[in-house]
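Survey of secondary and tertiary structure
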Amino acid sequence: MLVVLLALVLTGCSTSSGGTDAEPSPEWWRPRPGQDWQWQLTGRLDTSVDVPVYDIDGFHHSKETVDALHRDGRKVVCYLSTGAWEDFRPDADDFPRSVIGRGNGWEGERWLDIRRTDVLEPLMAERLDMCRDKGFDAVEPDNMDGYRNRTGFPLTAGDQLRHNKLIARLAHERGMAVGLKNDLDQIPELVGDFDFAVNEQCAQYGECERLTPFVEAGKAVFHAEYELPTARFCADSRRLGLSSLLKRYPLDAWRRTC
């Protein structure tokens, strides 16, 4: 009887101990350096490009489209603007005028007052919920460097860091990877919060070396040029471990790869 009681006590202790273990940390996709990709935000989606990663507009595409890409073995990134208001989005009327600033150079788009977390956090959470519910693996949040532009608001580097970290947290809470879009100056402070980078024109402006912290951390850098021929940037891209494309400004299906 003593042996039986001892066994029961030990079993109970084991069960209790197991119940107090911390929950395992959530897992999400972590793209590695050098992965090929397709970036298409306009036009009829061409799903025939033989690459492992597609970056597409989160609003324009359905769960069925994401599921079809998954069946073809693709990982799918949800493009969203998190630093600018767009008058053509279905949630445009949810943004109060007080947080909408100057135009950012693209038709129908204006910078947001990223200091207003009370307003923007629930709106961005809803957008990220949409990406999650459609089955996206990751998020490409755009317009992440407002503090370096004329936004109509006195944004600081600290404001930008807080906003970018907030977006990263919201994505991770929903089980999705998240990429840092441009914002080269803050890479040292943000590389730990983001799972990959998305960059435009670092070769044209002689800035690609600044993206090496992501590659050194084993994180992909998805890079696009618009005005340079591939002969001008592909050798450096291969040396640096970047995933580089030549694209047209509308970001339609056309592409040339290194």
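Here, every reference points to the structure presented above.
These lines cover the structure that appears in this document, whether it is placed above or below.

1. With respect to the sheet that holds strand β5 (residues 100-103)
- Ordered by their spatial adjacency, 3 strands build an open sheet running β4-β6-β5, and the pairing between neighbours is antiparallel. Strand pairing shows two members of the sheet lacking a second neighbour, β4 (84-86) and β5, which therefore form its edges. Here the strands of the sheet are splayed against their neighbours by 45° on average, with no regard to which way each runs.
- Of the pairings in the sheet, the one linking β5 to strand β6 (residues 109-112) comprises 2 bridges and is antiparallel in character. Bridging across to β6, I100 finds its partner in L112.

2. Observations regarding the pattern of salt bridges
- Counted under the stated rule, the structure contains 26 salt bridges.
- In this structure, R127 and E86 form a salt bridge, with 3.8 Å as the shortest nitrogen-oxygen distance. Of this pair, R127 sits in helix α3 (residues 117-134) while E86 sits in strand β4; the two residues are 41 residues apart in sequence, bridging distant segments of the chain. Pair check on accessibility: R127 and E86 agree, each one buried.
- Close ionic contact of E140 with K181 constitutes a salt bridge, the shortest N to O distance being 2.6 Å. Of this pair, E140 sits in strand β7 (residues 138-142) while K181 sits in strand β8 (residues 177-181), and the two are 41 residues apart along the sequence.

3. Considerations on the layout of surface pockets
- Volume-wise, the largest pocket comes out at about 940 Å³.
- Lining the largest pocket are 35 residues; nearest its centre among them are W106, D142, K181, N182 and E200.
- Elements represented by at least two residues in the lining of the largest pocket include exactly β6 and β9 (196-200).
- Counted by class, the lining of the largest pocket contains 13 nonpolar, 8 polar and 14 charged residues.

4. Focus: the sheet that holds strand β3 (residues 75-81)
- Taking strand neighbours across the sheet as the criterion, the 9 strands line up as β1-β2-β3-β7-β8-β9-β10-β11-β12 in an open arrangement whose pairing is mixed. Each end of this open sheet is capped by a strand with a single partner; those strands are β1 (37-40) and β12 (256-257).
- Two elements, β9 and strand β10 (residues 221-225), share 4 bridges in a ladder whose sense is parallel. Of the residues in β10, the one forming a bridge with N199 is H223.
- Across the sheet, α3 touches β3 and β7, and the angle it forms with β3 is around 155°.
- Together, β7 and β8 form the strand contacts of helix α4 (residues 157-173), whose direction differs from that of β8 by roughly 160°.

5. Points about α3
- Over its 18 residues, α3 runs 25 Å from end to end, which matches the ideal 26 Å to within 8%, given 1.5 Å per residue.
- Turning to α3, its buried residues number three or more, namely V119, L120, L123, M124, A125, R127, L128, M130, C131 and K134.
- Elements in contact with the buried residues of α3: α2 (63-71), β3, β4, β6, β7 and α4.
- Of the residues trailing α3, G135 is marked for its positive phi of about 95°.

6. Topic: the nonpolar core
- Among the nonpolar cores identified, the biggest contains 49 residues, and L80, F95, L112, F136, F194 and F214 are the most heavily contacted of them.
- Elements supplying a minimum of two residues to this core: β2 (53-57), α2, β3, α3, α4, β8 and α5 (187-190).
- In terms of residues, this core owes the most to one element, α3, which gives 7 residues.
- If we ignore the near neighbours within four places in the chain, the residues touching L112 are T82, G83, A84, W85, F95, V99, I100, L120, M124, F153 and L155.
- Listed in part, the 18 residues of the second largest apolar core include W28, W37, Y226 and L251.

7. Quick look at the packing of α3 against α4
- It is at 10 Å that the axes of α3 and α4 come closest, and there the two elements cross at 35°. Relative to α4, the crossing made by α3 is right-handed. Between α3 and α4, the contacting residues are T117, E121, M124, A125 and L128 on the first element and L166, I167, R169, L170 and A171 on the second.

8. With respect to the side chain of N199
- Relative to the helices and strands, N199 resides in strand β9.
- Within the local environment of N199, its side chain forms a polar contact with the side chain of N182, the two groups lying 3.4 Å apart.
- Apart from residues no more than four positions distant in its own chain, N199 is found in contact with N182, L184, L211, F222, H223 and A224.

Cut-offs and rules
- Residues numbered from 1 in each chain as written.
- Predicted model: local features only at pLDDT ≥ 70, side-chain atom pairs only at ≥ 80, totals over all residues.
- Heavy atoms only, no water.
- Pairing = 2+ DSSP bridges.
- Helix = DSSP H or I, 4+ residues; strand = E, 2+ residues; numbered from the N terminus.
- Axes fitted to C-alpha atoms, helices over the stretch in contact; angles between N-to-C directions.
- Salt bridge = Lys/Arg side-chain N within 4 Å of Asp/Glu carboxyl O.
- Buried < 20%, exposed > 50% of the residue type's maximum accessible area, 1.4 Å probe, protein only.
- 1 Å grid on protein atoms, 1.4 Å probe; cavity = no way out; pocket = protein on both sides within 12 Å on 5 of 7 lines; lining within 4 Å.
- Points joined across faces, edges and corners; volume = space filled by probe spheres on them.
- Nonpolar A, V, L, I, M, F, W, Y, C, P; charged D, E, K, R; others polar.
- Contact = heavy atoms within 4.5 Å.
- Expected span 1.5 Å × (residues − 1).
- Core = buried A, V, L, I, M, F, W, Y, C linked by side-chain atoms within 4.5 Å.
- Left-handed = near helix turned anticlockwise from the far one by under 90°.
- Polar contact = N/O pair within 3.5 Å; in protein donor to acceptor, adjacent residues only side chain to side chain.

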